[in-house]
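# Structure assessment
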Amino acid sequence: VAESLTNVAKYAHASAATIAVTRTNGRLLVQIQDDGVGGADVTQGSGLRGLADRAEALRGTLRIESTAGRGTVVTATLPLGVADP
């Protein structure tokens, strides 16, 4: 959440951002959405790729929806509970 909000502050030129955290079917869903310029690309730079790598290390996923001119939605889905060895 903190790194996504840092990206919003640095790059999005957004007027607002929202954070939603929910628990569903043994998974934690964290979503950060802004109303900024959009156009975020996980292949450009290391910040978003780093977020994706960290989610994957926890056996989760990171999805980024970022159409130019329409803001960005970053969604992390992470398993809850004890990880298998």
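Residues numbered from 1 in each chain as written. Predicted model: local features only at pLDDT ≥ 70, side-chain atom pairs only at ≥ 80, totals over all residues. Heavy atoms only, no water.

## Remarks on the layout of surface pockets
Inclusion rule: A pocket here means an open set of points on a 1 Å grid, computed over the protein atoms alone, that has protein on both sides within 12 Å along at least five of seven lines. A cavity is instead a set of points where a 1.4 Å probe fits but cannot get out; residues with an atom within 4 Å of a point line either one. Grid points are joined across faces, edges and corners, and a volume is the space filled by probe spheres set on the points. Note on conventions: DSSP H or I runs of at least 4 residues are helices, E runs of at least 2 residues are strands, and numbering of each starts at the N terminus. All residues other than Ala, Val, Leu, Ile, Met, Phe, Trp, Tyr, Cys, Pro, Asp, Glu, Lys and Arg, Gly among them, are scored as polar; the first ten of these are nonpolar and the last four charged.
Within this model, the largest pocket holds a volume of roughly 370 Å³. Residue lining of the largest pocket: 20 residues in total, with Asn-7, Tyr-11, Ala-40, Asp-41 and Leu-48 positioned closest to the centre. Of all the secondary-structure elements, those providing two or more residues to the lining of the largest pocket are α1 (2-12), β2 (27-34), α2 (47-57) and β4 (72-79). Broken down by element, the lining of the largest pocket gets its largest block of residues, 6 residues, from α1. Looking at side-chain class alone, the lining of the largest pocket contains 8 nonpolar, 9 polar and 3 charged residues. Approximately 200 Å³ is the volume found for the second largest pocket. In terms of lining, the second largest pocket is formed by Val-1, Ser-4, Val-30, Ile-32, Leu-51, Arg-54, Ala-55, Leu-62, Val-74, Ala-76 and Leu-78. Of all elements in the fold, only β2, α2 and β4 reach the threshold of two or more residues within the lining of the second largest pocket.

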